[in-house]
Amino acid sequence: MGKLQVIEKKFEFGFRVFYNLFRLLPLIYSNTWLTLGLTAVTIAASVGNEIVNYKTGVIPGKFYVALIEKDEPKFWHIFWVASLCYIGLCLLMALMNFFSWCLYIQQRKNLVQCLHKLYYRNNFYYQLNGVDDQGIDNPDQRITQDADKLTKLLGTSIIPTVLLSPFIISYYGVKVWNTAGGWGFGMIFAYFAIGVIINRILIGPITPWAARVEKAEGDFRYKHVSVRVNAEESAFFKSAEFEHVFSNLSFDVLFRRLFAFMCWRFPSQFFQSFFDYYGGCMSYILQLFPLFVFHMYDNLKPADLSGQISNNAFYFIYLINCFTRLTDLAMNIAELGGYIMRVSEFVDNGKLYQTGIENDAFRSNSDVSDNKTSGDENLIEAEHLSFGPPTNSNIRIIENLTFNLPRNRTMLITGDSGIGKTSLMRVIADMWPHEGTLNKHYEKSDAYFLPQRPYFPVGRLSLKQQLVFPAAENGQDFEKDGEIVQILNELKLGHLIQVVGSMYDNVDFEWQETLSPGEQQRLCFARMLLAEPTIAFLDESTCNVDEGIENAMYEMLRKRSITYITVGHRKSLRSHHDFELRIPSSSSFLFHEIHSQKL
């Protein structure tokens, strides 16, 4: 799992929210024509919904006229027309919701794919999760939950309302002006303006608190994921009570932030509800102008007057409703601001991180030329090599390291725990920067790094997929099946084929949670042998197996003419290597040839 960032960024609602949303739109609309097409049909369904809604809005007035005039044929005609209109209205509302959700999931797909491309480019994901302790918190949450909530609010709530509101307000504004005059329209506009000002004041704190809640949600989820992944180790330590206490502490932080968030939402929710419901009262106040101020209906019959009042009420309340829908968006926009700022911060960090190594999958020997390690007589040359953690250039883990490893010879790197052996592997793999000279006379695609902790990607992948990882395909390559079976049997893993049935079938378990540590190391070793590297870097890759299996594993390397460099502590490893690089301290080193008899 990645690091939990201690530094918490403070976000504020303002112009920068809209600026960052504008910068994210190319990502959200990266599949341009399909996303624009879904936007267009969503707007078309919304327009149809508004047209039919207008037709149904004036129907009650017609009912009043027919009932007061006691005209039964007219009543039944209006009834059947109204029935069809309401059926059409419900269909259009369903279509509008359907298309808006299609728009949301397409926008989410676009955004997530762009974020993934950024995340896995130049090993940015390693920089965020394994190195950087001053960057952004919970990058996985920003790709999953934040991107989901951002696009859901945008696609299902904000885009249809914002794009249609100017036209709806213009149409019903003209209707209101013609019936209640400029005073009536002015009152509604002033009502809206007051609502905008109050909402702007009230939603200001919601954006930063929404971002704080999301961070606390990510930290709480991270705690439970760590418990799940390390459940066995935790049980051996008898740490259930500890995990219980600290899980509660993590949730307490989330609870306090959620409570504060709801407290800040309360005034805005109160005013939002008041603005919505009091609009109904305002619609009747506006009836005063045509009735008592302008005397526009003095000559109408009672039946026609009731119908006109009903229609006026619909025009007034609908215009007020259009304005209130915009003010209701304030709450959504405030929350949206938090998600926009978190996702845009992720994008900005990704764009700033231009250095790193390309995350190309390992290519087997069949994919490259035979002359793969041509060059100097030495395989690796280091002269005055110095390096430290990328996060602090003032710290030096290793200083002035010098050694030359001849070609086709093996090397064992030893030293106390924490002295910098794995860090040296990171430097050789170009994952950490360094000073001094480091010449590697081999192709990048020839090297295979086997890290200290075995890794099996989740997804209940087949045995074949785990063995060909990091290649993504699971093709029916039967030519290598015999070699796979042979390697698994040599590593005493032949029983895995019987467990899974077929190496091409997906399993119903996760490999990392099922295999023992020794089985995990051996299966990763089998994966390396199938990749057919020229040089292998092994970071304590046999520490969980007994010496007999360890001897067999190194013999398999020698049979395949694979040069290897090992980090380890066991004395038995010396018999499998030609040279030893001993690191007693950060500035003292001993590089010498091992003369002990090989097994």
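Residues numbered from 1 in each chain as written. Predicted model: local features only at pLDDT ≥ 70, side-chain atom pairs only at ≥ 80, totals over all residues. Heavy atoms only, no water.

In the nomenclature of an unreviewed UniProt entry, the protein corresponds to ABC transporter domain-containing protein from the organism Caenorhabditis latens. Reading the Sequence similarities (unreviewed entry) entry of the UniProt record for the protein gives the comment "Belongs to the ABC transporter superfamily. ABCD family. Peroxisomal fatty acyl CoA transporter (TC 3.A.1.203) subfamily." (UniProt positions renumbered as here; feature names shortened; annotations may be inferred.)

Asker: Tell me about unusual backbone geometry, residues and numbers included.
Answerer: Non-glycine residue D430 carries a positive phi angle of around 65°. Looking at the secondary structure, you find D430 in the loop between α12 (421–428) and β4 (435–440). Assessed through its relative accessible area of 40%, D430 is described here as partly exposed. We note that E540 has phi near 50°; this positive angle belongs to a residue other than glycine. Structurally, E540 is set in the loop between β6 (535–539) and α18 (547–559). A relative accessible area of 16% places E540 in the buried class. (Helix = DSSP H or I, 4+ residues; strand = E, 2+ residues; numbered from the N terminus. Buried < 20%, exposed > 50% of the residue type's maximum accessible area, 1.4 Å probe, protein only.)

Asker: Tell me about the pairing of strand β7 (residues 563–567), and please be specific about residues and values.
Answerer: Counting buried positions along β7 yields 5 of 5 residues, so the element is predominantly enclosed. Across 3 bridges, strand β3 (residues 411–415) lies against β7 in parallel orientation. Within the sheet, the bridge partner assigned to L412 lies in β7 and is T566. Crossover handedness for the path β6 to α18 to β7: right-handed. (Pairing = 2+ DSSP bridges. Right-handed = clockwise from strand over helix to strand, strands pointing away.)

Asker: Please set out the sheet that holds strand β1 (residues 378–387) residue by residue, giving values where relevant.
Answerer: The 3 strands lie next to each other as β2-β1-β4, forming an open sheet whose pairing is antiparallel. Of all the strands in the sheet, the pair left with one neighbour each is β2 (398–406) and β4. On average, adjacent strands in this sheet sit at an angle of 10° to one another, irrespective of strand direction. Two elements, β1 and β4, share 5 bridges in a ladder whose sense is antiparallel. (Axes fitted to C-alpha atoms, helices over the stretch in contact; angles between N-to-C directions.)

Asker: Go over the UniProt feature "transmembrane region" (unreviewed entry) in the protein, please, and point to the residues and values.
Answerer: The positions UniProt marks with the feature "transmembrane region" (unreviewed entry) are residues 21–45, 78–99, 153–174, 180–202 and 274–293. The span residues 21–45 is 88% helix and 0% strand, and its two end C-alpha atoms sit 25 Å from each other.

Asker: Describe α12, with residues and values.
Answerer: Here α12 lies mainly inside the structure; 6 of its 8 residues are buried. Among all positions in α12, only K421, S423, L424, M425, V427 and I428 are buried.

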